[in-house]
Amino acid sequence: MAKNTTINPEQSNQSLDEESLIMHASGRPGKLEIVPTKPMKTQRDLSLAYSPGVAAPCLAIHKDPDKAYDYTARGNMVAVISNGTAVLGLGNLGALASKPVMEGKSVLFKRFADVDSIDIEIDTEDPEEFINAVKYLGPSFGGINLEDIKSPECFMIEQRLREIMDIPVFHDDQHGTAIISAAGFMSVLDITGKNIKDVKLVVNGAGAAAIACVELIKAMGVPHDNVVMCDTKGVIYSGRTEEMNQWKSAHAANTKDRTLTDALRGADVFWGLSVANCVTPEMVKGMAKNPAIFAMANPNPEIRPELAREARPDAIIATGRSDYPNQINNVLGFPYIFRGALDVRARTINDDMKIAAAKALAALAREDVPDEVDAAYGRRLRYGPDYIIPVPFDPRLIVEIPTAVAKAAVASGVARKPIVDEKAFRSALRARLDPTADTLELIFSKVRNNPQRVVFAEGEEERMIRAAIAFRDGGYGTPILIAREEVVKEKLLGLGLADLQGIEVHNSRLSQHNKGFTDYLFKRMQRRGVLERDCQRMVNQQRNVFAACMVAHGEADAMITGLSRNFNVCYDDIRKAIDAHTPYSAFGISMSISAGRTIFLADTAVNPSTNPERHAEIAIRAAAFAEHMGHKPRVALISYSTFGQMHDERAEFMREVVAKLDDHEVDFEYEGEMAPDVALDHDLMKRLYPFCRLTGPANVLIMPSLQAANIATKLMQKMVNSRDGNMVGPLLQGLKHPAQIVGMGATVSEIVTTAALAAHEAIGNAEAKQKQSEPLATKGKAA
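In this text, all values refer to a predicted model and were calculated from it rather than measured experimentally.

**Quick look at the nonpolar core**
By size, the foremost hydrophobic cluster in this structure holds 107 residues, and its most contacted members are Ile144, Leu146, Ile179, Ile217, Trp271, Phe294 and Met353. With 10 residues, the single largest contributor to this core is helix H15 (residues 351-366). If we skip the residues at most four places from it in the chain, phenylalanine 294 touches Ser181, Gly184, Phe185, Val188, Phe270, Trp271, Gly272, Ala318, Ile328 and Ile388. Core analysis: the next-biggest nonpolar cluster, separate from the first, contains 60 residues, Leu731, Val748, Val752 and Ala759 among them.

Take a look at the structure:
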């Protein structure tokens, strides 16, 4: 049922701006806070963390400065520093206005590489004042990430700080782009069979990123005169005097080319770090065989990939955009480069480390891509012209890139700490990030590549309207509001948001489907005391019922509701039109996602009473869900009793569930009955119960009853806020068609996430149905 819609970019941007402002202002303003990593609950805790106990680490560090890495957060702390003179594509906004970007950069460090980061905005445009402010910060941080500082001042600032400071100083606007581009460049050479000593490279742009790209590519072996740089005055050639500086002069080529058109004639590779639409199809036609075109201007590239492909079908094309293959994205670099540098306490980030990062990225692109990454991007990602660098949410990046960078730091003599055991080093990297965050993004990517029609049943609720707009703008598919169109338009006007382009509005009372839906409901419910006119009234007046009928009839792929009715009412409405796979297969599962750990809890929504066999089925389905989310399930059957401590019927019930799982001979780890403190603390588990079959702390908790599960989940929902983690769910599982129910207090973001998960379930159902039909089709062909 998926179909694409055309969205007006201005309307989409307006909606995105509104949602971004709301997000930044909601709750605690901004995107960062500082939280303690040690207990701070008692007077003893405070006396250890501060006076008088804190004197001991102070004296130890005074005696041996390297002890700062053992006793403080310095070794995992990066400062993101800017003066706001080149903020994104917005220009010189000043230090204060750059703060949202710098906070965002700090968040990316944490999200992708578990690097703690603090943003610092320095309110001066004088390079000397800036240098003087930063140079004294060394004792506080393990590294400095310079950001959004205009050229050419950025070159001098970075160079001087690298000379002065004994920690890595890295201007990502320069080197991040250079490293990712170099990785793509190495893949291009490999695919085309060209020699690095022979290729001609043309770079359009002479700013910070362009200069850094050229410096790195020459360090990798491209001859000086094989690289031709262009700026707004044309080719930067030996002897040119107009608008030159020392950094441009260093890359002036001995060439007769004077224009970009001249330079591109016969060129093997083009790197664009300039402005939109400055390259024409005619220019591209004059390039060498199998050219590589990296049009990296954002948001609009130097030449649209479609035009470049039409002019040169043999070209390898990369851009800075996520909606085309081969995205040159800095997030592939800076988090992992700093991760590797920090883990060996590097004094600097040198060319060896940058080249190692580029080579590791290029090598990773040549390896087999995990199935979940393929599924997320809606195609088989296989090394070749349309896949020359990894994609941002590849879970292997956290291991491969930092390891390569760290090894290069050790080999080049800038590491203070050796890699004693590479296997252990890689395992520690792998353990830093919880797979759920990556899995959720992979799910969202898959939905973007397979957009779905999702019904937002309570279509006159303000939050539901805003969520529908965000769902549309996110590229997840077509949202369908069950509402009166005039009411929706009035609310949109009041919110100052975009119009309804790309969104469908269905008035249940006036729908052409009413007769068919009524007949369908009456056939299902006529022997349950329901009259035909009752069914007609449900279809006309109960939006949840109408939405569920749409999904059941294939008029939509999934539905979401819950803002105006409690869970049980919504669930009853849905079940009027949608069946479970088996009489007892439906259940609710919730996820508690926090730093480094995700816990799944079931059944949190559906079954008020079960028997051991049904409870075992819930455990099996919950384990499958956890595995689908990227986790190796370790299932604990939760009780207030641990391994026979108590002998009442509730503890015995959970022991019977374990016996049922034994009978099923399931292929995942499970154990019970056990109390939650034991289930979640593997050290305690192994110390007290060495016979326990779990190889780590439980991550799937099967609660003894719906009552216990629901109470626990709602307590966690209120106690765990977005700063500590997130609660997702309960998510309905086991229905024949996807339908999800959010809480009555759900935020717009939570609604969109749940709608995307419902859409993802619809994609999975369609894929499963297709697989089931494949043997029949094959058999038919053979016959």
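**A word on the packing of H15 against helix H17 (residues 397-411)**
Put simply, H15 and H17 touch, their axes get as near as 8 Å, and they point 145° apart. Seen along the crossing, H15 lies across H17 with a hand that is right-handed. Contacts between H15 and H17 involve Asp352, Met353, Ala356, Ala357, Ala360, Leu361 and Leu364 on the former and, on the latter, Leu397, Glu400, Ile401, Ala404, Val405, Ala408 and Ala409.

**Topic: the pairing of strand S6 (residues 227-231)**
Among the 5 residues that make up S6, 5 are buried, leaving the element largely enclosed by the rest of the structure. Of the two faces of S6, the one holding Val227, Met229 and Asp231 and the one holding Val228 and Cys230 are both buried throughout. Across 4 bridges, the pairing between strand S5 (residues 201-204) and S6 is parallel. Among the inter-strand pairings, valine 203 is bridged to a residue of S6, identified as methionine 229. For the crossover from S5 across helix H9 (residues 208-219) to S6, the handedness is right-handed. As paired elements, S6 and strand S7 (residues 234-235) share 2 bridges and run antiparallel to each other.

**Side note on the sheet that holds strand S14 (residues 558-561)**
Ordered by their spatial adjacency, 5 strands build an open sheet running S13-S12-S11-S14-S21, and the pairing between neighbours is parallel. Two strands close off the open sheet at either side, each with one partner strand: strand S13 (504-506) and strand S21 (739-741). Each adjacent strand pair in this sheet contributes to an overall mean axis angle of 20°, direction not counted. When strand S11 (residues 452-456) meets S14, the two strands line up parallel, connected through 3 bridges. Among the inter-strand pairings, valine 455 is bridged to a residue of S14, identified as methionine 559. Packing of helix H24 (residues 543-552) onto the sheet brings it into contact with S11, strand S12 (477-482), S13 and S14, and relative to S14 it is tilted by some 165°.

**Quick notes on the sheet that holds strand S3 (residues 143-146)**
Pairing within the open sheet is parallel, and its 4 strands lie in the order S2-S1-S3-S4. Sheet topology places strand S2 (116-121) and strand S4 (169-171) at the edges, where each strand pairs with a single neighbour. Taking each pair of neighbouring strands and ignoring which way they run, the sheet shows an average axis angle of 25°. Direction of pairing for strand S1 (residues 77-82) relative to S2: parallel, over a ladder of 6 bridges. Along S2, the bridge assignment pairs serine 82 with glutamate 121. The sheet contacts of helix H14 (residues 334-343) involve S1, S3 and S4, and relative to S3 the element is tilted by about 160°.

Cut-offs and rules
- Residues numbered from 1 in each chain as written.
- Predicted model: local features only at pLDDT ≥ 70, side-chain atom pairs only at ≥ 80, totals over all residues.
- Heavy atoms only, no water.
- Core = buried A, V, L, I, M, F, W, Y, C linked by side-chain atoms within 4.5 Å.
- Buried < 20%, exposed > 50% of the residue type's maximum accessible area, 1.4 Å probe, protein only.
- Helix = DSSP H or I, 4+ residues; strand = E, 2+ residues; numbered from the N terminus.
- Contact = heavy atoms within 4.5 Å.
- Axes fitted to C-alpha atoms, helices over the stretch in contact; angles between N-to-C directions.
- Left-handed = near helix turned anticlockwise from the far one by under 90°.
- Pairing = 2+ DSSP bridges.
- Right-handed = clockwise from strand over helix to strand, strands pointing away.

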